[in-house]
Amino acid sequence: MEQNRTIKGIFIKFCRRRIQKIRKMSRVKKVIYMVAGLSLLCGVFIGSAFGKHSANSVKKELKQVEGELNKLKKEKEEQESAKKEKEERTNEANRPWYLTLVNGSHPLSEGYEPKLATVEGMQVDERIAQSLQQMLADARKAGLSPVICSAYRSEEKQKQVFNDTVSSWVNQGYSYWESYRRTSQEVALPGTSEHSLGLAVDIVSSQYGELDEKQADTAEAKWLQENCTKYGFILRYPPDTKDETGIIYESWHYRYVGVEDAKKITEMGVTLEEYLDESY
Ligand SMILES: [Zn+2]
């Protein structure tokens, strides 16, 4: 207290002396003093405003950096979960039964025999019978007449189909090797056919039973292409995908993959090989 009083006293004394000095000064000196004082005040004011401004911008920048870091963290998390999902999908052991891949480079496991059920006189894996029946029933409700012309084929039967097709090309005058080459593009080699899996069906129009490019123009083929995913089926060999699937365009061959995956595959516009990341 005593000390404060002393400091206050000294300060008041100092100010009084200053004022007395200024009074004694010439006018010019007074103006210089005032200008110097004002400049000092302006300096203090600008300095504090700038300080405040820069503090604000630093805060803003920090917030931006924090945002960027969070974004990067989120991206990394998303990448990791996508990687995990892909690993699970590409690992054959983790795949559900309806995503089993069978093609020229992925033969059916030896002795594979699905439990069969009969749909309209044809045999399929019993787990897809209801979906297939529902799809055909709804197509008929839409005024169409689809017919299953081929479903489950044992390996023995597949062998027979393959050999018969080779013979039909030979009968048309082609050499054996040319006939074999042509056949292998339209009929899977025994052990590599989805028909032996019991999850594939060939469906044609009752008005047009040929398995050729004109089948795609039938009302049945158009309805099936548009609606098959609702029942868990995909058009397995779409146009221009021979490089991936190994098989030419087949507008009649439908494969069961489950509703969820059928929708994803069709929306993505990929083949089953691409979807499972296993190109032919
Ligand atoms: Zn087929």
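The structure displayed is predicted, hence computed values, not measured ones.

## Describing the overall build of the chain
And then number 1: Of regular secondary structure, the chain possesses 9 helices and 6 strands.
And then number 2: Buried positions account for 33% of the 280 residues belonging to the chain.
And then number 3: For the chain, the share of sequence-separated contacts (at least 6 apart) that also reach a separation of at least 24 residues comes to 67%.
And then number 4: Carbon and sulfur atoms form 54% of the exposed surface of the chain, whose accessible area is close to 18600 Å².

## A closer look at the coordination of the zinc ion
And then number 1: Of the protein atoms, only His-195 (NE2), Asp-202 (OD) and His-253 (ND1) coordinate the zinc ion, at distances of 2.0 to 2.1 Å.
And then number 2: Site description for the zinc ion: donor spacing in sequence, H-x6-D-x50-H. You can see Asp-202 sitting in strand β4 (residues 200-205) and its partner His-253 sitting in strand β6 (residues 250-256), a full 51 residues away along the chain.
And then number 3: Given a relative accessible area of 2%, His-253 falls into the buried group.

## Observations regarding the confidence of the model for the chain
And then number 1: Overall, the predicted model of the chain reaches an average pLDDT of 87, with 88% of residues at or above 70.
And then number 2: Per-element mean pLDDT across the chain ranges from 69 in helix α1 (residues 2-24) up to 98 in helix α3 (residues 129-141).

## Thoughts on the side chain of Asp-125
And then number 1: Relative to the helices and strands, Asp-125 is located in strand β2 (residues 122-125).
And then number 2: For Asp-125, a relative accessible area of 1% translates into the label buried.
And then number 3: Excluding anything up to four places from it in sequence, Asp-125 contacts Tyr-112, Pro-114, Lys-115, Leu-116, Leu-197, Gly-198 and Leu-199.

## A closer look at the packing of aromatic side chains
And then number 1: Summed over all chains, the structure comprises 9 aromatic pairs.
And then number 2: Taken together, the ring pairs in this structure connect Trp-97, Tyr-98, Phe-233 and Tyr-256 into an aromatic cluster.
And then number 3: A cation over an aromatic ring shows up here: Arg-127 above the ring of Trp-97, its NZ or CZ 4.1 Å from the ring centre.
And then number 4: Over the aromatic face of Trp-169 sits the side chain of Arg-182, whose NZ or CZ is 5.0 Å from the ring centroid.

## Some thoughts on the environment of Tyr-112
And then number 1: Structurally, Tyr-112 is set in the loop between α2 (27-90) and β1 (116-119).
And then number 2: For the pair Tyr-112 and Ser-196, spaced 84 residues apart in sequence, the C-alpha to C-alpha distance is 8.2 Å.

## Considering the pairing of β2
And then number 1: Sheet topology places β1 next to β2; 4 bridges connect them, and they run antiparallel. Looking at β2, one finds that Thr-118 is bridged to Gln-123.
And then number 2: Between the antiparallel neighbours β1 and β2 lie 2 residues, among them Glu-120 with a positive phi of about 50°.

## Describing the nonpolar core
And then number 1: Counting 26 residues, the largest nonpolar core has Val-124, Leu-132, Met-135, Val-201 and Phe-233 as its most contacted members.
And then number 2: Sort the elements by how many residues they give to this core and α3 lands first, with 5 residues.
And then number 3: Among all residues touching Met-135, those that are not within four sequence positions of it are Ile-203, Trp-223, Leu-224, Cys-228, Tyr-231 and Phe-233.
And then number 4: Of all hydrophobic cores here, the second largest spans 9 residues; its members include Leu-99, Val-257, Ala-262 and Leu-272.

## Structural notes on a negative patch on the surface
And then number 1: The grouping of Glu-75, Glu-77, Glu-78 and Glu-80 at the surface amounts to a negative patch.
And then number 2: By the element assignment, Glu-75 lies in helix α2.
And then number 3: Judged by relative accessible area, which is 39%, Glu-75 ranks as partly exposed.

## Description of the side chain of Arg-255
And then number 1: Here Arg-255 shows up in strand β6.
And then number 2: Looking at Arg-255, the relative accessible area reads 0%, which means it is buried.
And then number 3: A distance of 2.9 Å separates a polar side-chain atom of Arg-255 from the backbone oxygen of Thr-100.

## A short note on the sheet that holds β6
And then number 1: Pairing within the open sheet is antiparallel, and its 4 strands lie in the order β3-β4-β6-β5. Looking along the sheet, the strands with just one partner apiece sit at the ends: β3 (146-150) and β5 (233-237). Neighbour-to-neighbour, the strand axes of this sheet turn through a mean angle of 45°, independent of strand direction.
And then number 2: Sheet topology places β3 next to β4; 4 bridges connect them, and they run antiparallel. The partner of Ile-148 across the bridge, within β4, is Ile-203.
And then number 3: Against the sheet, helix α6 (residues 219-227) contacts β3, β4, β5 and β6, and its axis sits at roughly 35° relative to β6.

Thresholds applied
- Residues numbered from 1 in each chain as written.
- Predicted model: local features only at pLDDT ≥ 70, side-chain atom pairs only at ≥ 80, totals over all residues.
- Heavy atoms only, no water.
- Helix = DSSP H or I, 4+ residues; strand = E, 2+ residues; numbered from the N terminus.
- Buried < 20%, exposed > 50% of the residue type's maximum accessible area, 1.4 Å probe, protein only.
- Contact = heavy atoms within 4.5 Å.
- Areas by Shrake-Rupley, 256 points an atom, 1.4 Å probe, with all protein chains shown as cover.
- Donors = N, O, S within 2.8 Å, 3.2 Å for Na, K, Ca; no water.
- pLDDT = per-residue confidence, 0-100.
- Phe/Tyr/Trp six-rings, centres within 6.5 Å; stacked < 30°, edge-to-face > 60°.
- Lys NZ or Arg CZ within 6 Å of the ring centre and 35° of its normal.
- Pairing = 2+ DSSP bridges.
- Core = buried A, V, L, I, M, F, W, Y, C linked by side-chain atoms within 4.5 Å.
- Patch = residues over 30% accessible without salt bridge, like charges linked within 9 Å, V, L, I, M, F, W, Y side chains within 5 Å.
- Salt bridge = Lys/Arg side-chain N within 4 Å of Asp/Glu carboxyl O.
- Lys, Arg positive; Asp, Glu negative; His and termini not counted.
- Charge placed at Lys NZ, Arg CZ, Asp CG, Glu CD.
- Polar contact = N/O pair within 3.5 Å; in protein donor to acceptor, adjacent residues only side chain to side chain.
- Axes fitted to C-alpha atoms, helices over the stretch in contact; angles between N-to-C directions.

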